[in-house]
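Given next are the chains, with one letter for each unit.
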Amino acid sequence: MIMGKFFKAFRAQLNKIANIFFESDPIAVMQLEVDSATDRLKEGRKGLEMYRGLVETVARQVAAGKSNIGALESQIKAHLKAGNRDMAGQLAIQLQKAQTELAANEAQLQMHEGAYQNNLLKIQKANKDIVKVREKIQQYHAELKMSAAEAE
């Protein structure tokens, strides 16, 4: 991660030096922006795939935990009505453990859903950037054609 950022920063510095010596080609710069946005799009899609699976898994764990808690609560009530306090106490301990696990799973679910949403936003922004840059490229091409036609 850090090496990647270092490499990108180094590449940016080399790009600055190259721009000093060579005239910058606006279409090439715009194409570089499209390539960068495409890379972000790919990263976002990989993140979506990964986090969607995690969200589904943890959501199933939360649902199972909620049903387990409901079952334990009903068993505790039944044992208390029957006068079996020892069994109700053991089930109450299990209920506390299940509630703790459920709270942890719900927190994890929120975290994974947040990461999923972040990757979704990354994809949407990359798509908007690609569309915007492609429009700029088309406009620049049209301006070049108009300049060439006027020069003739």
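Before reading further, recall that the structure is shown in the block above.
Reading the values: rules and limits
- Residues numbered from 1 in each chain as written.
- Predicted model: local features only at pLDDT ≥ 70, side-chain atom pairs only at ≥ 80, totals over all residues.
- Heavy atoms only, no water.
- Helix = DSSP H or I, 4+ residues; strand = E, 2+ residues; numbered from the N terminus.
- Rg over C-alpha atoms; globule rule 2.2 N^0.38 Å.
- Contact = heavy atoms within 4.5 Å.
- Areas by Shrake-Rupley, 256 points an atom, 1.4 Å probe, with all protein chains shown as cover.
- Lys, Arg positive; Asp, Glu negative; His and termini not counted.
- Charge placed at Lys NZ, Arg CZ, Asp CG, Glu CD.
- Phe/Tyr/Trp six-rings, centres within 6.5 Å; stacked < 30°, edge-to-face > 60°.
- Lys NZ or Arg CZ within 6 Å of the ring centre and 35° of its normal.
- 1 Å grid on protein atoms, 1.4 Å probe; cavity = no way out; pocket = protein on both sides within 12 Å on 5 of 7 lines; lining within 4 Å.
- Points joined across faces, edges and corners; volume = space filled by probe spheres on them.
- Nonpolar A, V, L, I, M, F, W, Y, C, P; charged D, E, K, R; others polar.
- Core = buried A, V, L, I, M, F, W, Y, C linked by side-chain atoms within 4.5 Å.
- Buried < 20%, exposed > 50% of the residue type's maximum accessible area, 1.4 Å probe, protein only.
- Expected span 1.5 Å × (residues − 1).
- Patch = residues over 30% accessible without salt bridge, like charges linked within 9 Å, V, L, I, M, F, W, Y side chains within 5 Å.
- Salt bridge = Lys/Arg side-chain N within 4 Å of Asp/Glu carboxyl O.

Please clarify how the overall build of the protein chain should be interpreted in this entry.
Along its length, the protein chain carries 3 helices and 0 strands. Start at the N end of the protein chain and walk to the C end: the helices and strands fall as α-α-α. Rg of the C-alpha trace for the protein chain: 29 Å, well past the compact-globule value of 15 Å for 152 residues, more than 25% over. By its C-alpha atoms, the protein chain is 100 × 35 × 15 Å across when sized along the principal axes. Excluding contacts between residues fewer than 6 apart, the proportion of contacts in the protein chain whose partners are at least 24 apart in sequence is 84%. Of the accessible surface of the protein chain, which amounts to about 11,600 Å², a share of 58% is contributed by carbon and sulfur atoms. Of the charged side chains in the protein chain, 22 are positive and 18 negative; the average position of the first set lies 8 Å away from that of the second.

So what exactly am I meant to see when it comes to the packing of aromatic side chains here?
The geometry of an aromatic ring pair comes down to the distance between the two centres and the angle between the two planes. Here the structure, examined in full by the defined rule, presents 0 aromatic pairs. The positively charged end of R52 is found above the aromatic ring belonging to Y116, 4.8 Å away from the centroid.

Looking at this structure, how should I read the layout of surface pockets?
It is a probe the size of a water molecule, rolled over the atoms, that shows where empty space is left. Computed from the structure, the largest pocket encloses a volume of approximately 340 Å³. Along the walls of the largest pocket sit K8, R11, A12, N15, L32, D35, S36, D39, R40 and E43, which together make up its complete lining. Of all the secondary-structure elements, those providing two or more residues to the lining of the largest pocket are α1 (2-21) and α2 (26-82). With 6 residues, α2 is the single largest residue contributor to the lining of the largest pocket. Its residues assigned to classes, the lining of the largest pocket shows 2 nonpolar, 2 polar and 6 charged.

Explain the nonpolar core here, please?
In globular proteins that are soluble, nonpolar side chains generally tend to be buried together. Of all hydrophobic cores here, the largest spans 19 residues; its most connected members are L41, V62, I69, L72, I76, L95 and L109. Put simply, the parts of the chain that give this core at least two residues each are α2 and α3 (85-151). With 10 residues, α3 is the single largest residue contributor to this core.

Could you clarify how one ought to interpret α2 in this entry?
With 57 residues, α2 should reach 84 Å at 1.5 Å per residue; the first-to-last C-alpha distance of 82 Å fits that figure. Directly after α2, the chain includes G83, whose backbone phi takes a positive value near 85°.

Would you mind going over a nonpolar patch on the surface with me for this structure?
Together, M3, F6, F10, L14 and I17 make up an exposed nonpolar region whose accessible area comes to about 560 Å². The topology assignment puts L14 in helix α1. Classification of L14 as partly exposed rests on a relative accessible area of 44%.

Mind showing me how you'd approach the side chain of D129 here?
One can find D129 in helix α3. Apart from residues no more than four positions distant in its own chain, D129 is found in contact with A37 and R40.

Read these as spatial facts, not as claims about activity.
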